Each structure stands twice: as C-alpha cells, then as structure tokens.
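# Topology and contacts: notes
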Amino acid sequence: MTSPDSLRSDTPRRRVRRRSWLRVLLPAMLIIAWLAGAGLGGPLFGKVGEVSSNDQTSYLPSSADATQVQNLLGEFNDSDAIPAIVVFVGDGELEENQLTAIADAVAAAPDIEGVAAEVSPAIPSEDGRAVQAFVPISSDADLGDAVAALGDELRSQAPDGVVVYVTGPAGFSADLVAGFAGIDGLLLGVALLAVLVILILVYRSFLLPVVVLSTSLFALCVALLVVWWLAKWEILLLSGQTQGILFILVIGAATDYALLFVARFREELRSTQDKGVATMAAWKASLEPIAASGGTVIAGLLCLLLSDLKSNSTLGPVAAIGILFAMLSALTLLPALLFTFGRAVFWPRRPAFEPDVVAAETGVATKGLWAWLARGIQRRPRLIWIVTTLVLVAGAAGFTQFNASGIPQSDLVLGASEARDGQVALGEHFPGGSGSPVYVVVAEDALQDAADVLLANSGIDSVAVSAADSPSGTAGVDADGITAFGPPGSPAPEPTVVDGDVMLQGTLTDAADSDAAAETVRELRGELADLDALVGGVTATSVDTNDASIHDRNLIIPIVLVVILVILMLLLRSVLAPVLLILTTVLSFGTAMGVSALVFNGVFDFPGADPAVPLYGFVFLVALGIDYNIFLMTRVREESIKHGTREGVLRGLSVTGGVITSAGLVLAATFAALSVIPILFLVQLAFIVAFGVLLDTFVVRSLLVPALSYDIGRSIWWPSKLGRGKR
C-alpha cells in the first residue's frame, strides 16, 4: 500500500510530466487546427468569383438615385440582361451587300451561348460607314465567355473590310472580369515569391522562410474561408478589388508579425537552451506590440463601416478579418512551429547559447548599420529631424497635383481594350452615349414635361420611353409627344407604367463615362427636381459613386486619425509621443501622395484617379505606418524604463532596426505585387502604399522619429511617470 508521504513526493514529478505533455500536445493541436482550417479554405481559391460582384450599382447606398433606378429597370424592360453594343465599322461607306450580311449576323446572335433572345435590329450610322446593334447578354451567363463568344462569332460572319467591336456595359464589365482574373494565380504567386526571396536574404536560412511564409499562407486560407462564406450568405459584399487587397494585406501583415516574433525568439535563444522557455518569453514580449499593431489596423479598417459606398464599408470588415487571422497565426501557429523545430529552424545560422555575452551587453551596440545610425542621432538629433522634416514637406507639396476627381469607365483597365476601342469607334459615327442611356423615372402624368426637359438639353441627342409592345422596348419621344419607334406609319406604342411611373431613356451626345456626360446628368437632376424624377444609368452611377467616395474620404480620414491616436495613448501611456507619431505618419502620407502625383502625371500619364484612392492610401499607410512606430516605440519604452529615455531610444533603434526594415521591405513588396493586376485603381494603390511604406521604414522610423524622440528626451512620455523621471 502506498503511503501518503510517497504520494506527496510523487506530486511534483506528476506535475512536471503533465507540463511536459502539455508543452508537446498544445503545439501539436495548434498545428493540426491550422492545417484543418487551411485544408478547408485552400480549395476556395479560384471560387471567389462565385460569391463576388463588380457591379458598381450594387455598392451604392440604397437611397442613391442610380440605385433606385437600377432596381426598377427590370420592371420596365422585363429583363435583367446586360447590354452589349456591337459596332461594325467599314473602311469606307458600307455597301448594300455588307449591310445585309451584318443584319443577318446580328439576327442570328441569339443562337450564341449566353446571348438573350431579344436582339434589336442593326442600325446604320448617318455617315453610312458604321452599324450598331444592341445585344443583351444573359445575367446567368459567364460574362467574359459570352462577350468573347459574341465577338468571335460576329467577326467570323462580318463581310470583308468590316471591323467588329463589342463595347457598352457588357464589354467594359468583361474587361474588368479579365483584369481581375489573375488575382487567384498571378497576384498570389508574385506576392509569395517576392516575400520568399526577401526572407531568404534576411535570414540566410532555408527552413525559417518556409515556416514564416506558411504562417502567412495559412492565415490567408482561413481568412478566405470565413470571408467566402460570409459573402455566400450575403452578409458581406465581395469584389475583385476587395479580394486582391485581402490577399496582399494578410500576407504582408502576417509576415511582418512573424518577423517581429522570430527576432524575439532568436534573442531569447541566446539566453536559454530550453526552446519552450524561449518560445514563451518571445510570446510574452511580442504579444503587446503585435496585438497593438493589429488592433490599430483593425480599428482603422473598421472606420470604413461609416462609408456610404458599400465597396468601402465592406472592405473594412473583410480586411479586418484578414488582419485578425494574421495576428492569430503569428501568435499561435508560428510559436508552435518554432517550438517544434527549435534552433534547427535557423539552420545553417543557428543562434548560439551565450548567456554570459548577453549579460555583458550593458550599452548600446557598437557594430552594424543601426549602431552607426544611432551614434549619428546621438551626435546631431536636432539637425537630423529638422532636415528630414523639410525634405518630407517638400515632397508633400506635390499633393496639390493629385487628381482624384474620378476617371472614365474606359480607363479602369490598363492595356489593350476592345471595349475602349469600340467606344471610340461608336463616338465617331454615332452619338457618344449610344447604348448607355440616361434613365429617367417620372410620374406618368409628367411624361411630356420630363421629355421636354431632356430634349431641351444640349447633352441629349434623342429620347425614348419604355414601351412593352415596341419591337425594341422603347418608343421615340419628341416635342409633340409620343411617336412610333419603328417604320413610318406604325402605331404609337403605349408606355410601360409601373406603379404610376414611366421610364424615359435619353441618348447622350457625349460618351457615357465622360465629364461632359456627368455634367449633363447633374443638370438634368436639377432641371427635373420639380417633377420628383429619378435619374439613373451608367453615367448617373458613376456620378453617385464619385460623390459618395468624396463624402467618405472627408468623413473617415479624421475619424481614423482620432481612433489611432487614442489607441497609441493607451499603448504608450503618453499624450505627447502619440501626437508626434501621428503627425510624422500624416506627413509621410502627404509626401507619398505628393511623389505619387508627380509620378502618375509625369511618368505614367494616368488620366486621374478614383476619389477612393486617397482614402484607401490613407487608411493603409497610416494604419500600417503606425505599425512600425509601434514596434519601435514599445521597445524604446521598454528600454527607457531600464536605462532612461535617450539611451532607450538608441537601444530601441539598434535592436529593432533590422527586423522593422525587413518587415517594411516585405510589406512594400507584397503591395507592389498588386501592380500585376491591370486595374488602374490597384496599380495606383500599389505604388502609393509600397512607396509610403518604404518612406516610413527608411526615413520616418529610422531618422525622424528617433531623432525627434532623442532631442525631446524624457518629456516625450508626458504626462506619464516615465516622463517625470531623471533621464
């Protein structure tokens, strides 16, 4: 029989065994859980198109005129098909046999897969050199495939000497679909390859880059799993643009957090031989900066929920979910993997166990680039921060040249575009707005008054009213009233009436995505205000989108600043330091935008930018730029408590310089990868964020913030106790 004394003596051994099992079991369970999540989320790459939409109208607020008109279109036209405009252009005046061949080809278009049954007759231009036809694409069809099939078939049937273009809403939408097609493959591959190369150069190891990249990829898989199902259940709206940003943000952020954790893990391995102790010590030291960094980014992103545009308001939670899983991966999966491999993960450059050397390191490091930079700041802090500030201010002066008033739909996609070429051809031979009319919904008894307003506007070429029994679904309207839209002598069709309202269609004289067309829409809204009319269509959608983007930009940017400022105050237990960090980050953003304006205008000759570009650039640069200041200043505060503020600044810079620079390079490379997608918005965002991150990494965080903090001294922590210390 076992005595009580022997039981008591075995208890510590049992506790040690239980702790040993727990140390092995917990990492294994974490790795298995992440493997399971990645196994479920991985197959969803390539299937995001099933739950996403690139239709601009679906992202407008429900109260917008364009949204209300879009919701009514199906009731007036009895179809939700997407119109394609096919333009046939001859090398001279078209002959009778050519016109007949074109008419026959258009009449046979419904036989093409994806084309709806109702196709309007071919309409020759006044100059006799071109023909246009309106071909509806079924909403159930794959838009890109249907437009391509339509173009190929009509080109094969077109007579010699006739060029065929497919343009209009369907053509431009197909361009967008093709532009976003590389997100799941090309974008992801380029981003991962860029990160892998940087990690190999940083660590000069084979296994560690794979471990770090695995944490990023697993985080992305699980984030995609959650976002995909939320979009499937229609809780979130997802677009190709949001998807691309999600991919880049998760890979970049997860890698940054991993770099910080690995640096701490390497430090701890120099002081202890026990990999479990080193892992836990690194976890405790990394928890606050990673949580604060991720929390700051999430808070900034969630401010987008205040946006009127759903493309902005849905990006907030989608990106926030990605950042959340990036944090969780860095704080759970990565520690489990590092514990599993131990020192071997750094092979062939394993960190040595040298506690005596660590204990003897009482001062600021004396070797290396960051030690040299710290000594320079120690000698001339004021000169460094003043000169740096002046350089940044000079760069920010170009901000006034940044044109973010909106861009034509035809310029959304970079490179060759059949839809863009077709619109040019359409404008040469027909009214510029053919196929993309202005829709006006008005009370039936105000039909003629509304028609008179449209016809009196120089921006409107012709007017028609929706009519169910007309061959084309519309009837012409002139100053004398409704006339037949068909052969002479045909009866005038009755307009379609829905809940007492009718719908007019005005053909614009200018291209639907031009500034002149936008001005026409604004004029019509003012002139039709007394009739309580709703004005919608492609141009109106663009106008409402730009207006909502400008409203969002002016509202959200100040809120993001306040939210991040509060978080920094809580983190650093200070008021002055957070205010200075915010000011330096805003200055860095201004410089990034100023330089970007000069590059976009002078080098790439871009036509302008979407109003949302400065907003996205601000949210990402301020939130992510603050990350590096958080990494630096949390370490500076930690060192300041032990050694005083000025030495703490030098120590913090020396210790974090390498890891933060590596993190900045990784994040800049991942955002730069967005430029492989030929969408103007993403290319501009890629340059702004990549350049801004490098500016934050090499100038603001390396020179301006340390020099300013060193010059101010302990007062930087005002009004905390640390700010009232002796050093």
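## With respect to the packing of helix H9 (residues 275–302) against helix H10 (residues 310–341)
Running from amino to carboxyl end, H9 crosses H10 at an angle of 175°, the nearest separation of the two axes being 10 Å. If you check the angle between H9 and H10, you find them roughly antiparallel. Class assignment of the residues belonging to the contact of H9 with H10 gives a composition of 17 nonpolar, six polar and one charged.

## Section: the packing of aromatic side chains
In the structure shown here, the tally under the stated rule is 15 aromatic pairs. Residues Tyr-616 and Phe-620 carry aromatic rings whose centres are separated by 6.3 Å and whose planes lie at 90° to one another, so their mutual orientation is edge-to-face. In this pair, Tyr-616 and Phe-620 both sit in helix H19 (residues 612–643), four residues apart, roughly one turn of the helix. The pair Tyr-616 / Phe-620 is uniform in exposure class, with both members buried. Ring centres of Phe-620 and Phe-671 lie 5.7 Å apart, and the angle between their planes is 50°; this geometry places the pair in the tilted category. Taken together, the positions of Phe-620 in helix H19 and Phe-671 in helix H20 (residues 645–672) put the pair 51 residues apart, joining distant regions of the chain. A cation over an aromatic ring shows up here: Lys-275 above the ring of Phe-339, its NZ or CZ 5.0 Å from the ring centre. Here Arg-646 stacks its cationic end above the ring of Tyr-710, 5.5 Å away from the centre of that ring.

## A word on the side chain of Ser-293
Within the secondary structure, Ser-293 sits in helix H9. Exposure remark for Ser-293: the relative accessible area of 0% places this residue in the buried category. Every residue in contact with Ser-293, bar those within four places of it in the chain, is listed here: Tyr-257, Asp-627, Ile-630 and Phe-631.

## A short note on empty space enclosed by the protein
One simple way to see leftover space: roll a probe sized like a water molecule over the atoms. Within the structure shown, the criterion is met by four cavities of 30 Å³ or more. If you add up the space inside the largest cavity, you get close to 90 Å³. Lining the largest cavity are 13 residues, with Gly-168, Phe-172, Gln-423, Ser-434 and Ser-436 sitting closest to its centre. For the lining of the largest cavity, the secondary-structure elements that each account for two or more residues are helix H5 (168–179) and helix H14 (418–429).

## Some points on the environment of Phe-600
Looking at where Phe-600 falls in the secondary structure, it is placed in helix H18 (residues 576–602). Leaving out residues up to four positions away in the same chain, Phe-600 has contacts with Phe-402, Asp-605, Phe-606, Gln-684, Phe-687 and Ile-688.

## Let's talk about unusual backbone geometry
Both trends apply: most residues other than glycine have a negative phi, and most peptide bonds are in trans. The residue after Trp-347, namely Pro-348, is reached through a cis peptide bond having omega 10°. Along the polypeptide, Pro-348 turns up in the loop between H10 and helix H11 (355–360). Positive phi is not limited to glycine here, since Glu-234 has a value of about 60°. Along the chain, Glu-234 turns up in the loop between helix H7 (207–232) and helix H8 (240–269). Even without being a glycine, Asp-499 presents a positive backbone phi close to 50°. The exposure class of Asp-499 is exposed, given its relative accessible area of 76%.

Conventions we followed
Residues numbered from 1 in each chain as written. Predicted model: local features only at pLDDT ≥ 70, side-chain atom pairs only at ≥ 80, totals over all residues. Heavy atoms only, no water. Axes fitted to C-alpha atoms, helices over the stretch in contact; angles between N-to-C directions. Helix = DSSP H or I, 4+ residues; strand = E, 2+ residues; numbered from the N terminus. Parallel < 35°, antiparallel > 145°, perpendicular 65-115°, else oblique. Nonpolar A, V, L, I, M, F, W, Y, C, P; charged D, E, K, R; others polar. Phe/Tyr/Trp six-rings, centres within 6.5 Å; stacked < 30°, edge-to-face > 60°. Buried < 20%, exposed > 50% of the residue type's maximum accessible area, 1.4 Å probe, protein only. Lys NZ or Arg CZ within 6 Å of the ring centre and 35° of its normal. Contact = heavy atoms within 4.5 Å. 1 Å grid on protein atoms, 1.4 Å probe; cavity = no way out; pocket = protein on both sides within 12 Å on 5 of 7 lines; lining within 4 Å. Points joined across faces, edges and corners; volume = space filled by probe spheres on them.

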